[in-house]
4 protein chains.
Amino acid sequence: MTYRISSDFLAQHNAREQRRLDADYDALAGMLQCRGGDIEALVSLAAGFSVALPSWGVGTGGTRFARFPGKGEPRNVFDKIDDCGAIHQLTRATPGVSLHFPWDRTTDARALREAAQQHGLHFDAVNSNTFQDAAGQEHSYKFGSLTANDPAVRAQAVAHNIDCVELGHALGSKGLTVWVGDGANFPGQHNLRGALERYLESMRAIYAALPADWLMYIEHKLFEPAFYATTIADWGTSFACATELGPKAKCLVDLGHHAPNTNIEMIVARLAQFGKLGGFHFNDSKYGDDDLDSGSINPFQLFLVFNELRDAAVREGDAFKPAYMLDQSHNVTDPIESLMTSAVEVQRAYIQAALVDAQALSHHQKNNDALMAAQTLKQAFRTDVGPILAMARLRNGGAIDPVGCYRASAYRDHKRAERPQAAGASSSGIV
Amino acid sequence: MTYRISSDFLAQHNAREQRRLDADYDALAGMLQCRGGDIEALVSLAAGFSVALPSWGVGTGGTRFARFPGKGEPRNVFDKIDDCGAIHQLTRATPGVSLHFPWDRTTDARALREAAQQHGLHFDAVNSNTFQDAAGQEHSYKFGSLTANDPAVRAQAVAHNIDCVELGHALGSKGLTVWVGDGANFPGQHNLRGALERYLESMRAIYAALPADWLMYIEHKLFEPAFYATTIADWGTSFACATELGPKAKCLVDLGHHAPNTNIEMIVARLAQFGKLGGFHFNDSKYGDDDLDSGSINPFQLFLVFNELRDAAVREGDAFKPAYMLDQSHNVTDPIESLMTSAVEVQRAYIQAALVDAQALSHHQKNNDALMAAQTLKQAFRTDVGPILAMARLRNGGAIDPVGCYRASAYRDHKRAERPQAAGASSSGIV
Amino acid sequence: MTYRISSDFLAQHNAREQRRLDADYDALAGMLQCRGGDIEALVSLAAGFSVALPSWGVGTGGTRFARFPGKGEPRNVFDKIDDCGAIHQLTRATPGVSLHFPWDRTTDARALREAAQQHGLHFDAVNSNTFQDAAGQEHSYKFGSLTANDPAVRAQAVAHNIDCVELGHALGSKGLTVWVGDGANFPGQHNLRGALERYLESMRAIYAALPADWLMYIEHKLFEPAFYATTIADWGTSFACATELGPKAKCLVDLGHHAPNTNIEMIVARLAQFGKLGGFHFNDSKYGDDDLDSGSINPFQLFLVFNELRDAAVREGDAFKPAYMLDQSHNVTDPIESLMTSAVEVQRAYIQAALVDAQALSHHQKNNDALMAAQTLKQAFRTDVGPILAMARLRNGGAIDPVGCYRASAYRDHKRAERPQAAGASSSGIV
Amino acid sequence: MTYRISSDFLAQHNAREQRRLDADYDALAGMLQCRGGDIEALVSLAAGFSVALPSWGVGTGGTRFARFPGKGEPRNVFDKIDDCGAIHQLTRATPGVSLHFPWDRTTDARALREAAQQHGLHFDAVNSNTFQDAAGQEHSYKFGSLTANDPAVRAQAVAHNIDCVELGHALGSKGLTVWVGDGANFPGQHNLRGALERYLESMRAIYAALPADWLMYIEHKLFEPAFYATTIADWGTSFACATELGPKAKCLVDLGHHAPNTNIEMIVARLAQFGKLGGFHFNDSKYGDDDLDSGSINPFQLFLVFNELRDAAVREGDAFKPAYMLDQSHNVTDPIESLMTSAVEVQRAYIQAALVDAQALSHHQKNNDALMAAQTLKQAFRTDVGPILAMARLRNGGAIDPVGCYRASAYRDHKRAERPQAAGASSSGIV
């Protein structure tokens, strides 16, 4: 039996925090009421929010220079599920887990599904991996995968993706995320158009293998690992390809995969408008694909993204269900702590966006009153919705203070004892 | 009668340069022959190349901080045509002129057409202007034009664009370039999606007014004059809009309108692949929309753009005819000198790209030989094709050394005497 | 007599807002008390905060493409003082005004000083202008000012700066801000080192003319109006020059003058460490020197800057007094509203930074507890200190809701009537 | 005995290339003569040029996502010396090798020195490594090295650097390059000023251990592996630290370590002016620290860097001797081929810069003739100096066509047979 935080422990920890929460909650409720806000409705919204966990995120990440492992890291997909379970237990906001193959491959899908269910978890979109050579793989992806010049390499990459679909299908997943690192390091290395033609041909084969109720998420990225020309480098290419492929193909927005200065919330608005917004890989960044904790660098930007999602939800109604996933690399923190904190940060932006006075905003926009329109957003952003999020967790059976409770439980020390082996490549958290 | 450089003067100037040109030409011919190249074929290619001049480019440009006028600047569209004529006379590479309304509006289209013909010039795509308020205009574009909330503003902007089409039609133009500065300076100022919906509605009305043989060029730009969210900010938005509008709508690539680090040649390849590459505004930049002389900052990038155009031309055949235009702001140089030099730089990149050994390149690409593929491009780029360009000019009746001849002619001093008035806003060269 | 908002009107407006403020204030006081915070101490801090106004900021700004004037814009420096007075009256946070010569030149310094005193204003650092050619100026700055090749141009620019010092001295100012746009648009145009040598020579002459109690603020900027190489392009150059010049020379940080992705708060820390942090031009930006309202794009960054200032103040003690100035361009808002809002945003960041639990932060830093260190900052940033700022204004005699009060007063309509003439270049707000 | 390319083989290969070289050389000599140039002087200059090789560069590099090894990779420092020897044998431009400890640590310094001498190699600056945890190391660098909060970590990092100096001293090296990845991933993680204070304290201890004739090169880098705040992030910090430390401390410029849009050649000019330009890590990049082959992305920028070096050499005379080193990561090419090509590219830029007509350039600068100044640089850059470089190699005993000769020799196939073991971390080429 592996260690799990007991509900008694959790309840006791919450008991110590509750008085302060109640005071803060009442104070906030009063302030919102003055502005016509209903705190209970916001708690309900928060309680219904979820963002999926990346299985690879519970391992310590690294850079090309080094990886400094943490203690008690997960050794396999079952350990990862345990860690994801702990995150969900305390935050009540992360019921989905996004797997990554072949890292998370198992021969016993039923056992994995049961392990997840015991934590109240299900499987979100699965991820294929053609940016590394797996052990025993016949052909190398050194010079590309879905875009490779060699048809045998492409066939292998296509087959791997279809295999991922089948693995995911057996686990109850409903989506495939395709990110390829394919690209060129030198001008001339690729025929830029030829590479995209081969990509589309490969993707059509994968698309044809999707179950009827599945979606395919196309993830673009400006650079890294390719440093001159990445085949799927921007939302324009992603959008054009998703359009070519058909209605099951959607675009996935990773917040760290854009050129400097890019207005990401506008890309969200554009993809929503043209019916191709598939979902998100949330993280934060200052320079490149830094994969930092969500909201840690530019929390206002995260809020503005959710403000666009709020607008799209009003326009599109229930049909609008983009997939929310975290995708981060935790190099200097305990990954469980970072993922808990990040899930809460994303949820925070969602609730802050819900606080936007949409009617006032629209009024100011129509009057070209830029100052008051901006202040309408700022007022929502400035509201400290922490008590709402904590109350939603508490009512859902989670922790008022997830990190505090986790630390008090000494979960990591238990795992250190339970998981003696060194963490392998499968938990390196680098996507 | 205004001053024009006489053909005698030109011939005498060329006579002084010819010996050196002949020597360089022979040396280059020999070197190319060793590699299997045919210099005469390249001269023919160069002689057939052309890039259009921006009427606003012959005036001295400026920044928001200041404009430091030059001497003898053009005062009106007829003066501009004279300057464009001088540029074409010496370079033989700029037979088209792109007008900008209302700056270049004239009540006598026939006179303007005749003035152009006297210089061997014709009219390329015309440009509308809804980023400034023209004198006497009923509604202001302060808060947008084609995207404005106020339907009357939108109607005015649509009517102006249709007016431009009619003016252009009367002058023999075949295209309309639509660049709007519309956007927001503050988060919240615009409903981002609503603004694009209004844009599309406005553009459909303009599109409907296009003559059968016209194209509409959609120009995107990341920022400036809008500093938070520009409605047509990137090629993805441009592409999506051109697709919505129909086959006459194409995308225009200005080399300075992208986010930092953007791979522009890949955007060229993508737009060509998806059938929406309309043309170019050539210039160079280091920071933003710096509008510097073409090839002055990153000549290798300009070459790589033409390498993609070469590839597209092979694939698409004669149907592939993107529009080439210069769009620069000349703040510290004589605009005529900068435009002559820039036309030659663009032509240089075109000929360097023609020198690429396409067969060897394709061979290296198929073998994943990145190093030799890169060197294949580099070898073409490193070839100093200057003698080819000079010979093409000479045979076409132009100048071996356009700037040298221009300076020797004292053209500018003549114009200083002829054009006593201060240059007005109409020649400020700021697009 | 020009219109001024009466104290009665202000008091009545406040009376309508006070109940809500009191409720919010009490709620916040309680929440802070739980965490050991003292709201009254924070109100005192806020009440003592000030940031100077840029005289040019009260006019509507523009871009190189267009300027869309507002109504009732100031026509001269006395009108500007009136507008600055209104801003200070309502915010009680902007007692200083930073003048810009020759735009604000007056022959009657005493009258100007008295006009300012009537509004409770004094004069902060004065700004020289050698990026434009003033009417009647003998030599042009087209090719540089303090760095110009022509000694006569440099002498003129030096003399203008010394003249600014004298003008400022007569007005009670204690500092000179020197920003030059000097630079090159083309590789080769400047000898990069020669240009900086000439700059230093010119600056030494100005430095020698500084009164004993004056400081000279060197402002760097990456680009614009120069688009290839700006002479004072980065903090490294600014720092090296300030070191060369002597102790009265300090570096000024404008938040919009850096390369993309730059960590500005670290530059603040560096300059403070090396004793050369002179002050700030506050604004916000997304792309370049966008000059947007402070805190409108990235409020967390503004907070992080003030977190460094908090740290420096602890280390340096009372000697640490960097100059705070707003420097913005208001293109689509009423400049008075933007300046009031921006002053409050800067003050907000100052108070949020004061809320940082420095002891806990230091503890987490020493334990390499990156997550809790980050959360310690976030907790302070997330606190909505609005009631503290409003209470400080109220107690200082200002407005609880400055924009609301200003709009209710119809100040702008009054000015529209009082200021019939078109606004001239002197109010164009473009620095 | 390990395989080496025989001088007979090399001579035969050259014999096949010589006719074409002679023809190209004569043609170029003629063209240069027309412009007053002396090709023989340029050949001498080229023959005297050298750039050091990075020992880690001969292994295949990778990214955080994957490393795709090549065949026959070096297994240890002696293998690396062999590969460096082959590069120098063919290019005659790379007599120095820069070692990296502990990767290249050996217990037999004499044997290593002799191995180098047999290839005509010597040892350039040595590099310390405190961005990875070496096997058996007592303290981890996870949270910093020279800046770590824990004094024991700092002491270990200082001791390692001093150890590197001693190892280098025994090998005849004269310099220590210090690059630390230290920094923070989260706002708040570091006290930014405290970290630099600790850095300076550590560096002073290392500085004190430098032999009298040694230099210390401080290498800055914007980001990676730290993603929020890097302690030595920019040239300003590097310069301030080098100034604090003393005359033996100089700044090292890596071409890929700057913010987007940075004008690197101006940084070179600044450091030269203030006496702190220590040397270079040459490579090329489009996005971040891409470590691509020198000159492969922006060859004009490389030329402009050497144009500044040319200017500095004139001003400083013989005292001006910055260290030139390659620092690249070869992920998709044969590292030997990339290093040979890159050495030639750097040499090419050096010779192109030597071709600049300095007198004409200075004349145009003084006349504010930006266009002709720019063209003066362009004319030098456009000259295909390949025949000069090839002739210098030939006369020095190297290969006319290094890559062609290397491929013909089947060197890599020989090494594949000689080096059966998998390449270890020590050749991963990631700095």
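With an unreviewed UniProt entry as reference, chain A is termed L-rhamnose catabolism isomerase, source organism Herbaspirillum robiniae.

A. Spatial organisation of the relation of the copies chain B and chain A. Least-squares fitting of chain B to chain A yields an RMSD of 0.0 Å, with the transformation described by 0.0 Å of translation along the axis and a rotation of 180°. Here the copies are linked by what is in effect a two-fold axis. In terms of C-alpha distance to the rotation axis, chain B has B:Gly236 as its closest residue, with the C-alpha 1.9 Å off the axis. Both copies contact each other with a shared surface, as 100% of the interface residues of chain B are interface residues in chain A too.

B. Geometry of the sheet that holds strand 3 (residues 122-123) of chain D. Residues and elements named next belong to chain D. The 3 strands lie next to each other as 1-2-3, forming an open sheet whose pairing is parallel. Of all strands in the sheet, those with a lone pairing partner are strand 1 (53-54) and strand 3, marking the two edges. Looking at chain direction, strand 2 (residues 96-98) and strand 3 are connected through 2 bridges and run parallel. If you follow Val97 over to strand 3, its bridge partner there is Phe123.

C. Quick peek at the packing of aromatic side chains. Taken as a whole and judged by the stated rule, the model has 92 aromatic pairs over all chains. Between B:Phe280 and B:Phe282 the ring centres are 5.0 Å apart and the planes differ by 5°, which places this aromatic pair in the stacked class. Taken individually, B:Phe280 and B:Phe282 each receive the classification buried, so the pair is uniform in this respect. Where D:Tyr406 meets D:Tyr411, the ring centres are 5.6 Å apart and the plane angle is 40°; that geometry is what we call tilted. With respect to class, D:Tyr406 is no different from D:Tyr411; both count as buried. In this structure an aromatic cluster arises from ring pairing among A:Phe49, A:Phe280, A:Phe282, A:Phe306, A:Tyr324 and A:Tyr350. Between the NZ or CZ atom of B:Lys248 and the centre of the ring of B:Tyr207, over which it lies, the distance is 5.7 Å.

D. Broad picture of the interface of chain C and chain B. Contacts between chain C and chain B engage 47 residues on the former and 47 residues on the latter. Carbon and sulfur atoms make up 65% of the area that chain C and chain B hide from each other, which totals about 4,000 Å². Across the pair C:Arg64 and B:Glu224 runs a salt bridge, and its minimum N-O distance is 2.9 Å.

E. Structural detail: the relation of the copies chain C and chain B. Superposing chain C onto chain B takes a rotation of 180° plus a shift of 0.0 Å along the axis, which leaves an RMSD of 0.0 Å. Take the interface residues of chain C: 100% of them recur as interface residues in chain B, which is what a same-surface contact looks like.

F. Spatial organisation of the interface of chain B and chain A. On the chain A side, the residues contacting the 54 residues of chain B number 54 residues. Across the contact surface, chain B and chain A share 4 salt bridges. Close ionic contact of B:Glu316 with A:Arg193 constitutes a salt bridge, the shortest N to O distance being 2.6 Å. At the boundary of chain B with chain A, the tally comes to 26 residue pairs in polar contact (both at pLDDT 80 or more). Residue composition of the side of chain B that touches chain A, grouped by class: 27 nonpolar, 16 polar and 11 charged.

The rules behind the values
- For every chain, the first residue of the written sequence is number 1, and numbering continues from 1 along that sequence.
- All chains are assigned letters beginning at A, and all ligands numbers beginning at 1, according to the order in which they are written.
- It should be noted that, the model being predicted, local features are given only for residues of pLDDT at least 70 and side-chain atom pairs only at 80 or more, the latter also being counted only at that level, while totals for whole chains, interfaces and linings use all residues.
- Only hydrogens and water are set aside when side-chain values are computed; all heavy atoms of the structure are taken into account.
- All copies are superposed by least squares; the fitting set is the C-alpha atoms of residues with a pLDDT of at least 70 in both.
- Contact between two residues is taken to exist if any of their heavy atoms lie within 4.5 Å; hydrogens are not considered.
- Should DSSP find at least two bridges between two strands, the strands are taken to pair.
- In this text, helices come from DSSP runs of H or I with a minimum length of four residues, and strands from runs of E with a minimum of two, each type numbered from the N-terminal end.
- Aromatic rings from Phe, Tyr and Trp, taking only the six-membered ring of Trp, are treated as a pair when their centres fall within 6.5 Å; an angle between ring planes under 30 degrees marks them as stacked, one over 60 as edge-to-face, and anything in between as tilted.
- Relative accessible area decides the class of each residue, using a 1.4 Å probe on protein chains only: under 20% of the type maximum gives buried, over 50% gives exposed, and in between gives partly exposed.
- Comment: the charge-over-ring label is applied if NZ (Lys) or CZ (Arg) is within 6 Å of the ring centre and within 35 degrees of the ring normal.
- For any pair of parts, buried area is found by adding up, for both, the accessible area (1.4 Å probe) each one loses once the two are put together.
- One speaks of a salt bridge when a side-chain nitrogen belonging to Lys or Arg is within 4 Å of a carboxyl oxygen belonging to Asp or Glu.
- Throughout this description, a polar contact denotes any pair of N or O atoms lying within 3.5 Å of each other; where both atoms belong to protein, one of them has to be capable of donating a hydrogen while the other can accept it, and for residues adjacent in sequence the pair is counted only when both atoms sit in side chains.
- All residues other than Ala, Val, Leu, Ile, Met, Phe, Trp, Tyr, Cys, Pro, Asp, Glu, Lys and Arg, Gly among them, are scored as polar; the first ten of these are nonpolar and the last four charged.

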